[in-house]
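The residues making up each chain are set out below.
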Amino acid sequence: MVQIENLVSAPIIFKNENISMYSIVKEHYTKKITIDEIIQILRVKSSLIEEWIQYSENRRTPSGWCIENYFFGYIVYYNNKGISRNKKYFFNKLEATAFFIYEELDDILKNS
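Figured I'd write up the structure that's included with this text.

## Points about the sheet that holds strand S2 (residues 73–80)
Within a sheet, neighbouring strands are paired by backbone hydrogen bonds and run either parallel or antiparallel to one another.
Part 1 of the argument: Within the open sheet, the 3 strands sit side by side as S1-S2-S3. Their pairing is antiparallel. Only two strands of the sheet have a single partner each, and these edge strands are strand S1 (63–70) and strand S3 (83–90). Taking each pair of neighbouring strands and ignoring which way they run, the sheet shows an average axis angle of 20 degrees.
Part 2 of the argument: Bridge count between S2 and S3: 6 bridges; the pairing is antiparallel. Counted as the bridge partner of Ile75 is Tyr89 from S3.
Part 3 of the argument: Strands in contact with helix H6 (residues 93–110) are S1, S2 and S3; relative to S1, the strand with the most contacts, it is inclined by about 175 degrees.

What follows is the structure, encoded as structure tokens:
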């Protein structure tokens, strides 16, 4: 479970240790992580939800997964140079963030 916790804590590691998100994922992504595992960690460490939202808002790449407030909930989608696709809507912030984390980590791993 430690490897998974490190993955879910990636924005803090990224911010505090000046290490790339790619390096964090490569070091700690030892097995396929599930959305349910991410939810379990976020329930215990709820401050990570805001860390991931801030990570998404501060993204400086032209493409990647995003999470945003959307009316009475949240939207998670893939942004490719301004074109949004694979949109998914959530009323629950925790579930939206878990889905975003899952997709973001998987995307980093696929594109490495």
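## Here's the deal with the packing of aromatic side chains
Part 1 of the argument: By the definition in use, this model includes 7 aromatic pairs.
Part 2 of the argument: Both rings, one in Trp52 and one in Tyr55, keep their centres 5.4 Å apart while their planes meet at 80 degrees; by these two values the pair is edge-to-face. Of this pair, Trp52 and Tyr55 both sit in helix H5 (residues 47–57), 3 residues apart, which is roughly one turn of the helix. As far as burial versus exposure is concerned, Trp52 and Tyr55 are alike and both buried.
Part 3 of the argument: Seen in terms of ring centroids, Tyr70 and Tyr89 are 5.2 Å apart; in terms of plane orientation they differ by 50 degrees. Their pairing is tilted. Remark: Tyr89 occurs in strand S3 and Tyr70 occurs in strand S1; sequence separation between them is 19 residues.
Part 4 of the argument: Accessibility expressed as a relative area gives 48% for Tyr89, which makes it partly exposed.
Part 5 of the argument: The ring of Phe99 carries Lys88 above its face, with NZ or CZ at 4.7 Å from the centroid.

Scoring rules and cut-offs
- Residues numbered from 1 in each chain as written.
- Predicted model: local features only at pLDDT ≥ 70, side-chain atom pairs only at ≥ 80, totals over all residues.
- Heavy atoms only, no water.
- Pairing = 2+ DSSP bridges.
- Helix = DSSP H or I, 4+ residues; strand = E, 2+ residues; numbered from the N terminus.
- Axes fitted to C-alpha atoms, helices over the stretch in contact; angles between N-to-C directions.
- Contact = heavy atoms within 4.5 Å.
- Phe/Tyr/Trp six-rings, centres within 6.5 Å; stacked < 30°, edge-to-face > 60°.
- Buried < 20%, exposed > 50% of the residue type's maximum accessible area, 1.4 Å probe, protein only.
- Lys NZ or Arg CZ within 6 Å of the ring centre and 35° of its normal.

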